[in-house]
Amino acid sequence: GPTQVLRKSLQRGAVLSTGSFLVYETHKLISGFAEVHASFKVEDVIEQADYLYGSGETEKLYRLLVQHKNSDDAELLWRLARSSRDLAQLGSTSAEEKKQLTYDSLEYAKKALEKNESNFAAHKWYGICLSDVGDYEGIKTKIGNAIIIKEHFQRAIELNPKDATTIHLIGIWCYSFAEMPWYQRKIAATLFATPPTSTFQEALRYFHMAEEADPNFYSKNLLFLGKTYLKLNNKKMALLWLSKAKEYPAQTEEDKQV
């Protein structure tokens, strides 16, 4: 085992009785172990991370992943982006920290994309984090980034057509553009030759697609199906979906708000 090897090299060092040789030998030995260990690490860290995520251990998960912020692994980096964002959303996080974490999460998502452009989750979280940063940058930037955000969501769906959350997010995108107030439309018109527009019908289509991909996956999708039907003056269908949202077993803070 490692201790025996270490003991042998120490004996050898003692025979030569030169301290520097001893230090060098030991250092070489320890860094050798570290390298061997590193090759297993990513899968182990991801497995641990997913366990913590499933258990709702937001702070622990962040502490685990932030140690690997210089990783080259897209799977690790998008999880760090998500985790930073989750930490930012906690009620106990100060406004200052929230802002820092929001910008950090965008950096991590961007890095994940640079490392692997065909990772669907990297596109998804880049879109989400870019949208979050917009809250600090003002309405002009928010509208300016909108098209980039939608492109990343669409790319994520191309790469993984079964990801209901991303389909839902495109629905939210369409919904917010459909209900955009006139003054924001004026800003959009100055930013784009042809400003992005959408309709409640288009939003509805995405919310239904998300529901088909994964029925009952998310309280907010049920809520928005109801809200969109209300916008389209279909009270019967609105009642159906809003009742489902109301009866949804609340597990997260967001479910309770819904």
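See the structure shown above.
Residues numbered from 1 in each chain as written. Predicted model: local features only at pLDDT ≥ 70, side-chain atom pairs only at ≥ 80, totals over all residues. Heavy atoms only, no water.

### A word on the overall build of the protein
Working step 1: Scanning the protein from terminus to terminus reveals 13 helices and zero strands.
Working step 2: Residues classed as buried in the protein amount to 41% of the 258 residues present.
Working step 3: Here the analysis covers contacts within the protein between residues at least 6 apart in sequence; of these, 57% occur between residues at least 24 apart.
Working step 4: As presented, the protein carries roughly 15,100 Å² of accessible surface, and 54% of it is formed by carbon and sulfur atoms. (Helix = DSSP H or I, 4+ residues; strand = E, 2+ residues; numbered from the N terminus. Buried < 20%, exposed > 50% of the residue type's maximum accessible area, 1.4 Å probe, protein only. Contact = heavy atoms within 4.5 Å. Areas by Shrake-Rupley, 256 points an atom, 1.4 Å probe, with all protein chains shown as cover.)

### Structural notes on the pattern of salt bridges
Working step 1: Overall, the coordinates contain 11 salt bridges when judged by the stated rule.
Working step 2: Of the charged contacts, one joins Glu-117 and Arg-155 as a salt bridge, the two residues approaching to 3.7 Å between their closest N and O atoms. With Glu-117 in the loop between helix H5 (95–115) and helix H6 (120–137) and Arg-155 in helix H7 (residues 139–159), this pair connects stretches of sequence that are 38 residues apart.
Working step 3: For Arg-155, a relative accessible area of 26% gives the class partly exposed.
Working step 4: One connected set of salt bridges, linked through shared partners, spans Asp-50, Glu-75 and Arg-79. (Salt bridge = Lys/Arg side-chain N within 4 Å of Asp/Glu carboxyl O.)

### Re the packing of aromatic side chains
Working step 1: The full count for this structure, using the stated rule, is seven aromatic pairs.
Working step 2: A ring pair is formed by Tyr-103 and Tyr-136, whose centres lie 6.0 Å apart and whose planes are at 45°; its orientation type is tilted. A residue pair is termed long-range when its members are at least 10 positions apart, and Tyr-103 in helix H5 and Tyr-136 in helix H6 qualify at 33 residues.
Working step 3: Using a relative accessible area of 27% as the deciding quantity, one classes Tyr-103 as partly exposed.
Working step 4: Note on Tyr-136: relative accessible area 32%, which makes it partly exposed. (Phe/Tyr/Trp six-rings, centres within 6.5 Å; stacked < 30°, edge-to-face > 60°.)

### Considerations on the side chain of His-152
Working step 1: Looking at the element boundaries, His-152 is found in helix H7.
Working step 2: Owing to a relative accessible area of 16%, His-152 belongs among the buried residues under this scheme.
Working step 3: His-152 has contacts with Leu-113, His-123, Tyr-126 and Gly-127, leaving out every residue within four places of it along the chain.

### Considering the side chain of Lys-150
Working step 1: Along the chain, Lys-150 falls in helix H7.
Working step 2: Not counting residues within four places of it along the chain, the set of residues in contact with Lys-150 comprises Ile-170, Trp-173 and Glu-202.

### Some points on helix H10 (residues 200–213)
Working step 1: Taking 1.5 Å per residue, 14 residues should reach 20 Å; H10 reaches 20 Å between its end C-alpha atoms and fits that length.
Working step 2: As for H10, its buried residues are in contact with H7, helix H8 (164–178), helix H11 (219–231) and helix H12 (235–247). (Expected span 1.5 Å × (residues − 1).)

### Considering the packing of H6 against H7
Working step 1: At a minimum axis separation of 7 Å, H6 and H7 run at an interaxial angle of 165°. When the axis of H6 is compared with that of H7, the two are roughly antiparallel. Note on packing geometry: the crossing formed by H6 with H7 is left-handed. Here Phe-120, His-123, Lys-124, Tyr-126, Gly-127, Ile-128, Leu-130, Ser-131, Gly-134, Asp-135 and Glu-137 of H6 lie close against H7, whose contacting residues are Thr-141, Lys-142, Asn-145, Ile-148, Ile-149, His-152, Phe-153, Arg-155, Ala-156 and Leu-159.
Working step 2: In the contact of H6 with H7, the residues fall into nine nonpolar, seven polar and five charged. (Axes fitted to C-alpha atoms, helices over the stretch in contact; angles between N-to-C directions. Parallel < 35°, antiparallel > 145°, perpendicular 65-115°, else oblique. Left-handed = near helix turned anticlockwise from the far one by under 90°. Nonpolar A, V, L, I, M, F, W, Y, C, P; charged D, E, K, R; others polar.)

### Re unusual backbone geometry
Working step 1: The phi dihedral of Asn-216 falls on the positive side, at around 60°, and the residue is not glycine.
Working step 2: As for its position among the elements, Asn-216 is in the loop between H10 and H11.
Working step 3: The phi angle at Asn-233 is positive, at roughly 60°, despite the residue not being glycine.
Working step 4: Mapped onto the secondary structure, Asn-233 falls in the loop between H11 and H12.
Working step 5: Given a relative accessible area of 65%, Asn-233 falls into the exposed group.

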